[in-house]
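# Architecture and fold: a report
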Amino acid sequence: MYDEKQAEFSENQDLEAEVNEILHLLEEKKYSKLRSILLETNVVDIAEILENISDRLGLDKEILVFRMLPKDLSVEVFAYLPEDDQVDIVNGITQHEIDHIMEELAFDDMIDLLEELPANLVDKILINTPPEERRLINTFLNYPENSAGSLMTIDYIDFKENMTVQQCLKHIKEAGLDSETVYSCYVMDSQRTLKGVVSLKSLVMADSDTKVNEIMRMEMISVNVLTDQEEVSNKFKRYGLLALPVVDKEGRLVGIITVDDIFDVIDDEATEDIQLMAGVTGADDEYLDMSVFKHVKSRLFWLFILTCSYMITGGIIETFEAMLSDVACLIVYMPLLMGTGGNSGSQSATLIIRGMAMGEISLKDFLKVVWKELRVSFVAGLALSLLNFLRVMYIDGNGFFVALTISAAMLVTVMVAKTVGGMLPMIAKAIGIDPALMAGPLVSSIIDMISLVIYFALATLILGI
């Protein structure tokens, strides 16, 4: 682990040094040497270097360096640039340069770019696109955002079911260079209905005159064009796929999704869940790229909701103000109970949300989750309540019944908090709400109210106030 971290740190230092050198050469106008360095650099690193140039020296310098790259290399680098940089470059280069990028760019990368552009710029990009390809592009652009259709590409290898292995291998040699993958190939009938999938390994190992429908696998995983991207990513993780065919409602093959596209989906879904768990919505851009107003807009709604919940909490405390004035020491232990309850609920909610996201827990497991959380919370709550009983009675010097009240409230609060924390994400999922909302501040606020009601009810019962 240490060696990996050290290697990563070293790589970051090397890249930073390279960026600084290129910035220096750019300022000195030593373009020939700068271009030579770029030609020996990985395309991913070149994209990051261009980002740094844009941030430090401005868009004009980024476009200048981008134009220094050979045409084929510039297309590869363009595909790795953030969408904002892609849009800026498209706005700053000639129509001829745009046409070359669009012609060479992978189809799914082109669709991703076009989805982010304003309508007038899309028309500029597609002005020289053949009518049939333009119709296909418009079809892809009309698929719902975050659906399988919006992720897929048409660059795949397909066979007719009556083709021989020899014909299939010849077709791979002819079309494979422009395909996203050659490791999984798809077999269709004359109506383009997906019939099976065959691996490159199976083709290479089979006799040349064997029909492809004799060696293809008919048991395969596929998704509909309207399937949500989160479900698509779950299929990739569950079945360890490199590519996934996408079909329409008639079962006709319309595209494939490759594992590299799913990396972005997993990243987006994880980011969205983390934001929701923190009570943030609509924060799609990078932190430093977002304006102050957009940051406020993404956070204010849930801050308002949470503020309202604490008003309710304050109302509960006010209701029992007379009790607190009679036994003032009860006030001291309110933060302890509320904090422990909130933490207990958040623990359970986080574990359940993670289990649901990974496909380990489903809605049918609701009762199993409740039963497990009840047992876990009883053991954890009993340990915490015993610890606090000893502390309240022997360290703080309060009476037996006060210590009993605090420890009993602790046990019941932890049990309720963990059980509710486990239930809420599953209830949210059942009614169509993102389970990630039921973690962090929201579940803590709910548990705060519950813990106070439990505390004061037990104080009334045990202390007779």
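First, a word on what this report is: a plain description of the structure on this page. (Residues numbered from 1 in each chain as written. Predicted model: local features only at pLDDT ≥ 70, side-chain atom pairs only at ≥ 80, totals over all residues. Heavy atoms only, no water.)

## Topic: the sheet that holds strand β6 (residues 253-258)
Taken together, three strands build an open sheet; the order of strands is β4-β5-β6 and the sheet is mixed. The two strands at the open ends of the sheet, each matched to only one other strand, are β4 (223-224) and β6. (Pairing = 2+ DSSP bridges. Helix = DSSP H or I, 4+ residues; strand = E, 2+ residues; numbered from the N terminus.)

## A closer look at the pattern of salt bridges
Per the counting criterion, the structure on display carries six salt bridges. The partner of E97 in a salt bridge is R67, and the shortest N-O contact between them spans 3.0 Å. Of this pair, E97 sits in helix α7 (residues 95-104) while R67 sits in helix α4 (residues 59-68); the two residues are 30 residues apart in sequence, bridging distant segments of the chain. The partner of K195 in a salt bridge is D189, with the nearest N and O atoms 3.9 Å apart. Through salt bridges with shared partners, one network takes in D248, E250 and R252. (Salt bridge = Lys/Arg side-chain N within 4 Å of Asp/Glu carboxyl O.)

## So, unusual backbone geometry
Of note, the phi angle at K29 is positive, near 60°, even though the residue is not glycine. Its location among the elements puts K29 in the loop between α1 (2-27) and α2 (31-39). In the Ramachandran plot, N146 falls in the positive-phi region, its phi being about 70° despite a non-glycine side chain. Within the secondary structure layout, N146 lies in the loop between α10 (131-141) and α11 (148-151).

## Some thoughts on the sheet that holds strand β2 (residues 184-188)
Taken in spatial order, the three strands of this open sheet run β1-β2-β3, and their pairing is mixed. The strands lining the two open edges of the sheet, one partner per strand, are β1 (158-160) and β3 (194-199). When the angles between neighbouring strand axes are averaged without regard to direction, this sheet yields 30°. Summarising the sheet, β2 and β3 pair through five bridges and their orientation is antiparallel. When the bridges of β3 are listed, Y186 appears paired with V197. (Axes fitted to C-alpha atoms, helices over the stretch in contact; angles between N-to-C directions.)

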